[in-house]
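If you want the building blocks of each chain, they are given just below.
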Amino acid sequence: MSRASFDAARDVYPTLRGRPAGARMMRGHTKSVWACAFFKDGRRVVTGSQDGTLRMWDVQKGALIGGTFKGHQGGVQAVAVSPDDRRITSGGRDNTIIVWDVESKHMVFGRLVKHTGWVNSVCFSPDGKRIASGSADEMVAIWDAETGATLTILEGHRDRVLSVTFSPDGLKLASGSADRTIRVWHTVNAELLLKINTHEHWVESVVWLPDGRQLISASFDKTIKFWNSSNGNQIGQACTGHTEPIYSLTIISSNGSFIATASDDKTVRLWSTSTHQQIGTALPHTDLVHCATISPNGELLVSGDYGGKVWLWVIKDMLEQGKAEERITEDEEARRRQPLSPSVTQLLHHDDNDRPAGNHDSTSHHPSEIHEASGNDQHSLFDILTVNTTVHDASTSVGLRTTEDLLTQEIATDVNNYVLYANRSLVRAQNSEWDPALQDAVESITIQPSLLGYISKAIALCGNEQLGDAMEAFDFAFIFLNRDPITIDFLLLIKAIALFNASRHDEAIRRVQGLANACQPMDRLPCSVVNSYLHVQLAITAFEGGRYSEAADRFNDSIPSITGDLFSRRALLEPRLKIFTVLFGWDLDSLWQTVNQRRCEAFLRADRLIEAVESHQYMMRMFDEDAKSSCLEWSTGDLQTRLHYAMCRKGR
């Protein structure tokens, strides 16, 4: 696609930094779209549908090109475009393969008949001279693209073949099957070169990386895995994030730097092939998504859904930000591996009047001593961040509005105090006053750049969904840490929480879990608590959105981690994790009680009455007397009536 063409498309499909603002929807099919493929020119896409037709689209205009391709006697399961863009091949539920002339939309020759089951996948060889097909009859066939003659039949799979793909050099063919294996065949002599036992469920889709050294598979088990194509060994971790089965996997053909997956969870997700991490946010759809394809230059993505709709997305900005975040993550990991330097508290300027009362012993602690000196950890964190005592106390004794008023009074008497502006920025951010919070953070940095100044700026930018600028602010914040590993861990957690609050839920949780895996076991408590709290927030969001059954399940899943991480470690909670209360307003002290009450109420509202009673009984067994009294006040009125009714039903 030319630069001018892309600019025109970008004008039609606007994006926010790192997240598409929406997609262009194209209608034409009357039933679900199961297959799609870009032409090499990047201007056209072909789609195949259960309405039995293929349609060709102009992605710049968002319009159909000419009439439909009609010939299959059933739904179209698969499509592929020849390397020279002159032909299309399709496979259908009528057990046949058709090769089409693009210009005339006519069959090049009669239907290719060999399979006895649905043709689930088709592809051209890199030179365009052969076509491969995979079928529900458990067979793989290779055809002469010029004559339609059958060249080879590959047998060995023990269940439906769902995907076939030629290697970049055309000498090998990989097939993925419902028998949970990938098989790699020699295309000349039909020799089986490799059998890979892969997933816990069907292998829905397989692609090669452009260098031919790796295969990537997507499965009905909701995961994506990477394999050494020579020996079948798995490479790195699986990609996880989809909540329903994955049906389609596609790769950018130019450099193989990222892939896209389409799923029954109504999303398409982009993944880095180097880090195996999700790039940006999931692309939301209104229906189940069966297929996706990426333009050769990697700037556009097309997807097809169960409702027969075709969607066009501009993903260039998303990918550019993803690359930038990968570089930042690599830098952060490099910092973590650096030897411990002198204590940060000896290198940063502090205002003694802003320190919380208590022991200010300047002795630095080795990471292994962190759990034995939790009180000093709290002081060191608040000292490093230069959090004002007024802000520190806001969550316990003073309201946020009062705190903001007090800070405003202090600023009036000391207009050049950068610490006061940064602290007021945090308070305003907790009130979701993002623009004033950002103004205060910028003013603080203008007076004197500091760790807290950049953190407050990043939090405010996340609130405004200016995520690219927020990542840059967090990057500047790391400059003030001087490689101290304990404070780096907390800053990485703060960054993840800010992303979560900007609705980057999956990415935030992945970051927290990744940090936990990188930490020593004794240092994982903060990661564990943050991970638990974020999952609880997802449950609360579902509850407040009226999705009570989903909320109940999420609350239920969070109980073990909340009990293990928070309730049984309450003595460690206040000194070690108060920083999250100050920065984000987290109420960790009452979280266990809140989760149990909300779980009970969610079960009731979802009419899961037996589970509501059981959760209430568990809650009353675990609560102390003060909490039980509070619980009785909570379960009054209609809630109490419904709970009593549920208990009566359970007793029958």
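Anything mentioned here points back to the structure above.
What you are looking at is a predicted structure, and each value in this text was computed from that prediction instead of being measured.

## Notes on the nonpolar core
Then step 1. The biggest cluster of nonpolar side chains holds 74 residues, and the ones touching the most others in it are L491, V530, F555, F580 and W586.
Then step 2. The contacts of F580, once residues within four sequence positions are left out, are F490, L493, I494, I497, V530, G585 and W586.

## What about the sheet that holds strand β24 (residues 246-251)?
Then step 1. Pairing within the open sheet is antiparallel, and its 4 strands lie in the order β24-β25-β26-β27. Across the chains shown, the open sheet's two edge strands, defined by having one partner strand only, are β24 and β27 (278-284). Averaged over all pairs of adjacent strands, the angle between their axes in this sheet comes to 20 degrees, without regard to strand direction.
Then step 2. Where β24 and strand β25 (residues 258-263) come together, 5 bridges link them in antiparallel fashion. In the strand pairing of β25, L249 is matched with T261.

## Digging into the packing of aromatic side chains
What characterises a pair of aromatic rings is the spacing of the ring centres plus the angle enclosed by the ring planes.
Then step 1. Taken as a whole, this structure holds 10 aromatic pairs when the rule is applied.
Then step 2. Relative to F580, the ring of F490 has its centre 5.8 Å away and its plane inclined at 20 degrees; by these criteria the two rings are stacked. Separated by 90 residues along the polypeptide, F490 in helix α10 (residues 485-501) and F580 in helix α14 (residues 570-584) bring together distant segments of the chain.
Then step 3. Given the relative accessible area of 5%, F490 is considered buried.
Then step 4. Both rings, one in F543 and one in Y548, keep their centres 5.3 Å apart while their planes meet at 75 degrees; by these two values the pair is edge-to-face.
Then step 5. Taken together, the aromatic side chains of F490, Y533, F580, F584 and W586 make up a single cluster linked through ring pairs.

## A look at the packing of helix α11 (residues 505-518) against helix α12 (residues 525-544)
Then step 1. Direction vectors running N to C along α11 and α12 enclose 160 degrees, while the axes themselves pass 9 Å from each other. If you check the angle between α11 and α12, you find them roughly antiparallel. Helix-helix and strand crossings are classified by hand; for α11 and α12 the assignment is left-handed. Facing H505, I509, V512, Q513, L515 and A516 of α11, the residues of α12 in contact are C527, V530, N531, L534, H535 and L538.

## Side note on the pattern of salt bridges
Then step 1. Summed over the entire model, instances satisfying the criterion amount to 22 salt bridges.
Then step 2. Put simply, R44 and D41 hold a salt bridge, and the shortest N to O gap is 2.8 Å.
Then step 3. The partner of D553 in a salt bridge is R608, and the shortest N-O contact between them spans 2.8 Å. You can see D553 sitting in helix α13 (residues 548-565) and its partner R608 sitting in the loop between α15 (591-605) and α16 (609-622), a full 55 residues away along the chain.
Then step 4. D553 gets classed as partly exposed once you look at its relative accessible area, which sits at 34%.
Then step 5. Through salt bridges that share partners, R401, E404, R424, R428, E433 and D440 make up one connected network.

## Observations regarding the pairing of strand β18 (residues 172-177)
Then step 1. For β18, the tally of buried residues reaches 5 of 6 residues, placing the bulk of the element in the interior.
Then step 2. Of the pairings in the sheet, the one linking strand β17 (residues 161-166) to β18 comprises 5 bridges and is antiparallel in character. Directly across from V164, in β18, lies its bridge partner S175.
Then step 3. Linking β17 back to β18 in an antiparallel pair, the connection comprises 5 residues, with G170 at a positive phi of about 80 degrees.
Then step 4. Pairing of β18 with strand β19 (residues 181-186) involves 5 bridges; the strand directions are antiparallel. From the neighbouring strand, L173 faces β19, where its bridge partner is W185.

## Section: the environment of S82
Then step 1. For S82, the position within the fold is in the loop between β9 (76-81) and β10 (87-92).
Then step 2. Distance in space between the C-alpha atoms of S82 and P126 is 8.4 Å, their sequence separation being 44 residues.
Then step 3. Not counting chain neighbours up to four residues away, the residues in contact with S82 comprise K40, R87 and F124.
Then step 4. There is a polar contact of 3.3 Å between the side chain of S82 and the backbone nitrogen of R86.

## Comments concerning unusual backbone geometry
Then step 1. Non-glycine residue E138 carries a positive phi angle of around 75 degrees.
Then step 2. Structurally, E138 is set in the loop between β14 (130-135) and β15 (139-144).
Then step 3. According to the relative accessible area criterion, E138 is partly exposed, its value standing at 31%.
Then step 4. For E465, which is not a glycine, the phi torsion comes out positive at approximately 60 degrees.

## Topic: the packing of α10 against α12
Then step 1. The interhelical angle for the contact between α10 and α12, taken along N-to-C directions, is 5 degrees, at an axis separation of 11 Å. Relative to α12, the element α10 is oriented roughly parallel. In this structure, α10 contributes F490, L493, I497 and F500 to the contact, and α12 contributes P526, C527, V530, L534, Q537 and L538.
Then step 2. Of the residues assigned to the contact of α10 with α12, the class counts are 9 nonpolar, 1 polar and no charged.

## Describing the side chain of S177
Then step 1. Tracing the backbone shows S177 in strand β18.
Then step 2. Residue contacts for S177: discarding those within four places in its chain leaves H157, D159, R160, V161, L162, W202 and V203.

## Some details on the pairing of β10
Then step 1. For β10, a buried count of 6 out of 6 residues is recorded, marking the element as mostly surrounded by other parts of the structure.
Then step 2. In this sheet, β10 lies alongside β9 in antiparallel orientation, the contact comprising 5 bridges. By the bridge assignment for β10, V76 is matched with G92.
Then step 3. The loop that links β9 with its antiparallel partner β10 comprises 5 residues; one of these, D85, has a positive phi angle of about 65 degrees.
Then step 4. Bridge count between β10 and strand β11 (residues 96-101): 5 bridges; the pairing is antiparallel. The partner of T89 across the bridge, within β11, is V99.
Then step 5. Turn length for the β10-β11 hairpin, with the two strands adjacent in sequence and antiparallel, is 3 residues, and the turn residue N95 shows positive phi of about 70 degrees.

Scoring rules and cut-offs
- Throughout this description, residue numbers start from 1 for each chain and increase along the sequence as written.
- Residue-level local features of this predicted model are given only where pLDDT is at least 70; pairs of side-chain atoms are given and counted only at 80 or more, and the full residue set underlies all totals for whole chains, interfaces and linings.
- As a rule here, side-chain values come from all non-hydrogen atoms in the structure, and water together with hydrogens is ignored.
- What makes a nonpolar core is a set of buried Ala, Val, Leu, Ile, Met, Phe, Trp, Tyr and Cys residues whose side-chain atoms join them at distances within 4.5 Å.
- The buried label applies to any residue whose accessible area, calculated with a 1.4 Å probe on protein chains only, is under 20% of its type's maximum; exposed applies above 50%, and partly exposed to all values in between.
- Note on contacts: a residue pair qualifies if any of its non-hydrogen atoms lie within 4.5 Å across the two residues.
- Paired strands are those between which DSSP finds at least two bridges.
- Segments assigned H or I by DSSP are reported as helices when at least four residues long, segments assigned E as strands when at least two residues long, and all are numbered from the N terminus.
- Where helices are involved, their axes are fitted lines through C-alpha atoms of the stretch in contact, as for all axes, and angles between N-to-C directions lie from 0 to 180°.
- Here a Phe, Tyr or Trp ring, Trp counted by its six-membered ring, pairs with any other such ring whose centre lies within 6.5 Å, and the pair is stacked when the planes are under 30 degrees apart, edge-to-face when over 60, and tilted otherwise.
- Small angles under 35 degrees read as roughly parallel and large ones over 145 as roughly antiparallel, with 65 to 115 read as roughly perpendicular and the rest as oblique.
- Take the far helix as your reference; a near helix turned counterclockwise from it by less than a right angle gives a left-handed crossing, and one turned clockwise gives a right-handed crossing.
- Throughout this description, the term salt bridge denotes a Lys or Arg side-chain nitrogen within 4 Å of a carboxyl oxygen of Asp or Glu.
- Nitrogen and oxygen atoms within 3.5 Å of one another constitute a polar contact, given that in protein one can donate a hydrogen and the other can accept it, and given that sequence-neighbouring residues count only through two side-chain atoms.
- Classification used: nonpolar for Ala, Val, Leu, Ile, Met, Phe, Trp, Tyr, Cys and Pro, charged for Asp, Glu, Lys and Arg, polar for all others including Gly.

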